[in-house]
Amino acid sequence: MTEVQATVEFSLELHKFFNVDLFQRGFYQIRASMKVPPRIPQRVEASLLHPIGSDLAFPASVQDDVVCSKTFQILYKNEEIVVNDVLVFKVMMLLDVKKVSESRDSNNMHTKGSVIKP
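How each quantity is defined
- Residues numbered from 1 in each chain as written.
- Predicted model: local features only at pLDDT ≥ 70, side-chain atom pairs only at ≥ 80, totals over all residues.
- Heavy atoms only, no water.
- Helix = DSSP H or I, 4+ residues; strand = E, 2+ residues; numbered from the N terminus.
- Buried < 20%, exposed > 50% of the residue type's maximum accessible area, 1.4 Å probe, protein only.
- Contact = heavy atoms within 4.5 Å.
- Pairing = 2+ DSSP bridges.
- Phe/Tyr/Trp six-rings, centres within 6.5 Å; stacked < 30°, edge-to-face > 60°.
- pLDDT = per-residue confidence, 0-100.
- Core = buried A, V, L, I, M, F, W, Y, C linked by side-chain atoms within 4.5 Å.
- Salt bridge = Lys/Arg side-chain N within 4 Å of Asp/Glu carboxyl O.

Labelled according to an unreviewed UniProt entry, the chain appears under the name Family with sequence similarity 135 member A, originating from Cyprinus carpio.

And the structure:
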């Protein structure tokens, strides 16, 4: 079986965060990662596009394959926070040359995110 390396790149822009149901005041951040099926050999790289706000106490960062937005403070319900972070995920995988399009299309890749208190 002959294999070819395919690279797929995803970007996710976190423009604003609208607080719908966080009732506890505090500092929060958004964390995101790529979930790739383990049946195909692959490697995921995560990065930030033009990180801004490096003068912040807790700016956006990358930890292993997880990208964390800058830390922001939630004070009220229905509050809108401007985040302006761009997360980039690059997935490099090995695909069978004879079935490149089928293999690529059958990979069920997802971004997984959560809002947490750091």
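Student: Could you give an account of unusual backbone geometry, with specific residues and numbers?
Tutor: One non-glycine residue with positive phi stands out, namely Asn78, at about 65 degrees. You can see Asn78 is positioned in the loop between β6 (72-74) and β7 (80-96). Its relative accessible area of 47% is what places Asn78 among the partly exposed residues. The phi angle at Asn84 is positive, at roughly 55 degrees, despite the residue not being glycine. In this structure, Asn84 sits in strand β7.

Student: Describe in detail the environment of Val66, supporting the description with residues and values.
Tutor: Secondary-structure assignment places Val66 in strand β5 (residues 66-68). For Val66, a relative accessible area of 28% corresponds to the partly exposed category. Measuring from C-alpha to C-alpha, the distance between Val66 and Met34 comes to 8.0 Å, with 32 residues separating the pair along the chain. Setting aside anything within four residues of it in sequence, one finds Val66 in contact with Arg31, Ala32, Ser33 and Ser61.

Student: Outline the pairing of β7, listing residues and values.
Tutor: As paired elements, strand β1 (residues 3-18) and β7 share 15 bridges and run antiparallel to each other. Bridging from a neighbouring strand, Phe17 pairs with Ile81 of β7.

Student: For the packing of aromatic side chains, give the residues involved together with the corresponding values.
Tutor: Counted under the stated rule, the structure contains one aromatic pair. Measuring from ring centre to ring centre gives 5.2 Å for Phe17 and Phe72, while their planes differ by 40 degrees; the resulting arrangement is tilted. Taken as a pair, Phe17 in strand β1 and Phe72 in strand β6 lie far apart in primary sequence, 55 residues in all.

Student: Which residues make up the confidence of the model for the chain, and what values do they have?
Tutor: The predicted model of the chain has a mean per-residue pLDDT of 79, with 75% of residues at 70 or higher. Summarising per-element confidence for the chain, the mean pLDDT is lowest in helix α1 (residues 100-106) (56) and highest in β5 (90).

Student: Help me get a handle on the nonpolar core, residues and values and all.
Tutor: Judged by nonpolar contacts, the single largest core of 24 residues is most densely connected at Phe17, Phe72, Leu87, Phe89 and Met93. Sorting the residues of this core by element identifies β1, β2 (26-35), β3 (42-48), β6 and β7 as the ones contributing at least two each. Looking at which element gives the most residues to this core, the answer is β7, with seven residues. Beyond its immediate stretch of four places on either side in the chain, Leu87 contacts Phe10, Ser11, Leu12, Leu14, Ala32, Ser47, Leu48 and Val67.

Student: Before we move on, could you go through the pattern of salt bridges and cite the residues and values that matter?
Tutor: Scanning the entire structure with this criterion turns up three salt bridges. For the salt bridge of Glu80 with Lys16, the shortest nitrogen-to-oxygen distance reads 3.2 Å. Of the two residues, Glu80 is situated in strand β7 and Lys16 in strand β1; the sequence distance between them amounts to 64 residues. Between Glu45 and Arg43 there is a salt bridge, with its nearest N and O atoms 2.4 Å apart.

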